[in-house]
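Coordinate analysis (summary)
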Amino acid sequence: MKVHDNRTPHLQGSVVAIGAFDGMHLGHQAVICKAVHASKIYQVPGVVYTFDPPPRAYFQNATVLMSVDEKIEYLRKFGVEQVVIARFNEDYTQKSADRFVKELHNMHPREVLAGNNFRFGRGRSGSVELLKQYFNVNIVKPVRCMKGEVISSTRIRQLIARGQTQEVGALLGEKEGVKG
Ligand SMILES: Cc1cc2nc3c(=O)[nH]c(=O)nc-3n(C[C@H](O)[C@H](O)[C@H](O)COP(=O)(O)O)c2cc1C
Ligand SMILES: Nc1ncnc2c1ncn2[C@@H]1O[C@H](COP(=O)(O)OP(=O)(O)OP(=O)(O)O)[C@@H](O)[C@H]1O
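Residue positions are counted from 1 within each chain, in the order its sequence is given. Lettering for chains starts from A, numbering for ligands starts from 1, and both go in the order in which the items are written. Totals for whole chains, interfaces and linings use every residue, but because this is a predicted model, local features are given only for residues with pLDDT of at least 70 and side-chain atom pairs only at 80 or more, for both listing and counting.

1. As for the overall build of the protein chain
Each helix is a run of H or I in the DSSP string that is no shorter than four residues. Each strand is a run of E no shorter than two, and both are numbered from the N terminus. On a plain count of helices and strands, the protein chain comes out with eight helices and six strands. Put simply, the protein chain runs from its N terminus to its C terminus through helices and strands in the order β-β-α-β-α-α-β-α-α-β-α-β-α-α. The C-alpha radius of gyration of the protein chain comes to 16 Å, within 12% of the 16 Å expected for a compact globule of 180 residues. Over its C-alpha atoms, taken along the principal directions, the protein chain stretches across nearly 45 × 35 × 30 Å. By residue count, 30% of the 180 residues in the protein chain fall in the buried class. Within the protein chain, counting contacts between residues at least 6 apart in sequence, those at least 24 apart form 77% of the total. Put simply, the radius of gyration uses C-alpha atoms, and a globule should come to 2.2 Å times the residue count raised to 0.38. Residues with at least 20 neighbouring C-beta atoms inside 10 Å of their own are called buried, those with 12 or fewer are called exposed, and the rest are partly exposed, where every C-beta is derived from the backbone. Each residue gets a C-beta atom placed from its backbone, and two residues are in contact if those atoms lie within 7 Å.

If you want it as structure tokens, here you go:
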């Protein structure tokens, strides 16, 4: 697997999934699996474009659930071929939504995968609607837990803070008594 540190590769074709993916819960896994599946159909590299640190950690001091190395290892196991690690710092957050779109064009995506509420660019000005003007965007349906709530890294951080670790395991898709 190729890891691009703070640079976006020039590719003739790709399928790109974008997001923080902190914790790799069942919602994230659905997005990644769909991206890998689509990349096989189009016969192009499956690329995950992610951020280090996660934007929520940078802006809101949220707890980081997994290191960037753990994330890369996880993506490798899921069959992702290339990963872009955007170093999320003051400089990076100045990038406009249009510049971010231009950057994505370097990879000539056949499909872009993101959730409905995905935002990007300085001041969170870019939306999925903007992405749709340029790319074939696949919006992944929200994955919910048994109780019906949408699974999120924020929810996992809350459960960890309350010591409800068994519930966390369920949201990560870990089976009880099964390791690795
Ligand atoms: C180029 C760029 C600039 C961003 N600037 C901001 C910002 O100014 N304020 C903010 O709250 N988030 C900013 N973000 C973070 C996004 O709001 C969002 O958290 C990120 O794209 C990851 O999406 P996800 O949280 O759905 O995984 C920026 C993201 C990108 C790609
Ligand atoms: N439960 C879910 N079902 C489907 N897609 C999801 C789910 N949670 C996140 N995604 C998608 O996965 C990508 C990465 O999401 P992100 O890292 O923002 O997850 P999150 O769990 O919502 O994080 P946070 O709670 O910190 O905002 C985004 O494109 C997002 O829309």
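Having seen the structure, we can now continue with the description.
2. Some words on the site of ligand 2
In the vicinity of ligand 2, 21 residues are found, and the nearest of them are Gly19, Ala20, Gly27, Gly115 and Thr154. Listed by contribution, the elements that provide at least two residues to the shell around ligand 2 are helix H1 (26-42) and helix H7 (153-161). With four residues, the top contributor of residues to the shell around ligand 2 is H1. Here the shell around ligand 2 is composed, by residue class, of 12 nonpolar, seven polar and two charged. In this entry, near means the residue's backbone-placed C-beta atom lies within 6 Å of the molecule or strand. Gly counts as polar in this scheme, as do all residues outside two lists: the nonpolar Ala, Val, Leu, Ile, Met, Phe, Trp, Tyr, Cys and Pro, and the charged Asp, Glu, Lys and Arg.

3. Describing the sheet that holds strand S5 (residues 109-114)
Pairing is parallel across the open sheet formed by six strands, whose spatial order is S1-S4-S3-S2-S5-S6. Single-partner strands in this sheet number two, and they are strand S1 (2-5) and strand S6 (137-139). Neighbour-to-neighbour, the strand axes of this sheet turn through a mean angle of 20°, independent of strand direction. By the bridge criterion, four bridges tie strand S2 (residues 14-18) to strand S3 (residues 46-52) in an arrangement that is parallel. Looking at the pairing, Ala17 lines up with Val48 of S3. Taken strand by strand, H1 contacts S2, S3, S5 and S6, and its axis lies near 170° from that of S2. Strands qualify as paired when DSSP identifies two bridges or more between them. Here an angle of 0 to 180 degrees is reported between the N-to-C directions of two axes, which are lines fitted to C-alpha atoms, with helices fitted over the stretch in contact.

4. Considerations on the nonpolar core
In this structure, Val16, Ala17 and Val48 are the most contacted members of the largest nonpolar core, which totals 30 residues. Looking at this core, the elements with two or more residues in it are S2, H1, S3, strand S4 (82-87), helix H5 (97-105) and S5. Residues within four places of Ala17 in sequence aside, it is in contact with Val31, Ile32, Ala35, Val48 and Leu113. By our criterion, buried Ala, Val, Leu, Ile, Met, Phe, Trp, Tyr and Cys residues that link up through C-beta atoms within 7 Å make up a nonpolar core. Ranked by size, the runner-up nonpolar core spans five residues in total, among them Ile151, Ile156, Val168 and Leu171.

5. Let's talk about the UniProt feature "domain: FAD synthetase" (unreviewed entry) in the protein chain
UniProt positions are given in the numbering used here, feature names are shortened, and annotations may be inferred rather than shown by experiment. UniProt tags residues 10-155 as "domain: FAD synthetase" (unreviewed entry). Note that residues 10-155 is 38% helix and 18% strand, and that its end C-alpha atoms are spaced 36 Å apart.

6. Side note on the pairing of S5
Within S5, five of the six residues are buried, leaving the element largely enclosed by the surrounding structure. As defined by bridge partners, S2 adjoins S5 across four bridges and the pair is classed as parallel. Looking at S5, one finds that Val15 is bridged to Glu111. Of the pairings in the sheet, the one linking S5 to S6 comprises three bridges and is parallel in character. By the bridge assignment for S6, Val112 is matched with Val137. Clockwise travel from the first strand over the helix to the second, with the strands pointing away from the viewer, marks a crossover as right-handed. Following the backbone out of S5, through helix H6 (residues 128-134) and into the adjacent parallel S6, one traces a crossover that is right-handed.

7. Focus: the pairing of S4
Pairing geometry for S1 and S4, over four bridges, is parallel. Bridged to Lys2 within S4 is Gln82. Where S3 and S4 come together, six bridges link them in parallel fashion. Bridging from a neighbouring strand, Val48 pairs with Val83 of S4.

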